[in-house]
Amino acid sequence: MKVAIGNDHAGFFLKDTVKEVLTARNIEILDLGCHSAESVHYPIYGEAVGRAVANGEADFGIVICGTGIGISIAANKVPGVRCGLCSEPLSAELTRQHNDANVLAMGARTIGPEMAKKIVETFLDTEFMGGKHATRVAMLDSIK
Ligand code: RB5
């Protein structure tokens, strides 16, 4: 499995925590930046991760900014991306089960590293339920 990661300056330090979880699972990481805490523009990194997931370069994406909101909006602008912003594990479980989310967004200013670990683990461990949810996901993907 390969996971693309993108973050802005506010998300830079939480990225290490995410990488620890992925590395412990031998998951390949595609780090699309940014690579320091110097101020940057989050749409660049949300789009980059969205495109990597949409074109099949990565199986999943994880995006991090201050709140997770701006970078999730950017990722969700890419057709084929279903990015869920999660601040606790139940949302991570449900966005995989019901929305077949292929990108996870988190806010480095709203959650701590331990919560982020649990969220990432739950996101990776949870399967899409299909059935009626597949109908709804197809409806999401048909919105242009
Ligand atoms: C950067 O200051 C901040 O605006 C950004 O990280 C994010 O929270 C935007 O949604």
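Everything below is about the structure shown above.
So, a few notes on the structure that sits alongside this text. (Residues numbered from 1 in each chain as written. Predicted model: local features only at pLDDT ≥ 70, side-chain atom pairs only at ≥ 80, totals over all residues. Heavy atoms only, no water.)

## Describing the nonpolar core
Judged by nonpolar contacts, the single largest core of 21 residues is most densely connected at V18, L22, I62, L104, M106 and V120. For this core, the leading source of residues is helix α5 (residues 113–125), giving five residues. Every residue in contact with L104, bar those within four places of it in the chain, is listed here: G61, I62, V63, C83, G84, C86, I119, V120 and F123. Judged by nonpolar contacts, the second largest core, of 17 residues, contains A4, L30, C83 and A105. (Core = buried A, V, L, I, M, F, W, Y, C linked by side-chain atoms within 4.5 Å. Buried < 20%, exposed > 50% of the residue type's maximum accessible area, 1.4 Å probe, protein only. Helix = DSSP H or I, 4+ residues; strand = E, 2+ residues; numbered from the N terminus. Contact = heavy atoms within 4.5 Å.)

## Re the packing of helix α1 (residues 12–24) against α5
Any two packed helices are characterised by how steeply their axes cross, that is the angle between the axes, and by the distance between the axes. Contact geometry for α1 and α5: axes closest at 9 Å, N-to-C directions at 40 degrees. The angle between α1 and α5 places the two elements in the oblique class. Both α1 and α5 take part in a crossing whose hand is right-handed. Of the residues in α5, those in contact with L14, T17, V18, E20, V21 and L22 of α1 are P113, A116, K117, V120, E121 and L124. Partitioning the contact of α1 with α5 into residue classes produces eight nonpolar, one polar and three charged. (Axes fitted to C-alpha atoms, helices over the stretch in contact; angles between N-to-C directions. Parallel < 35°, antiparallel > 145°, perpendicular 65-115°, else oblique. Left-handed = near helix turned anticlockwise from the far one by under 90°. Nonpolar A, V, L, I, M, F, W, Y, C, P; charged D, E, K, R; others polar.)

## Here's the deal with the sheet that holds strand β2 (residues 28–31)
In space, the five strands of this open sheet follow the order β2-β1-β3-β5-β4, with parallel pairing throughout. The open sheet is flanked by β2 and β4 (83–85), the only strands paired with a single partner. Between one strand and the next, the sheet's axes are offset by a mean angle of 25 degrees, whatever the strand orientation. Strand direction decides the pairing type here: strand β1 (residues 2–7) and strand β3 (residues 60–65), joined by five bridges, are parallel. Among the inter-strand pairings, N7 is bridged to a residue of β3, identified as I64. Running at roughly 170 degrees to β1, α1 makes contact with β1, β2, β3 and β5 (103–107) of the sheet. (Pairing = 2+ DSSP bridges.)

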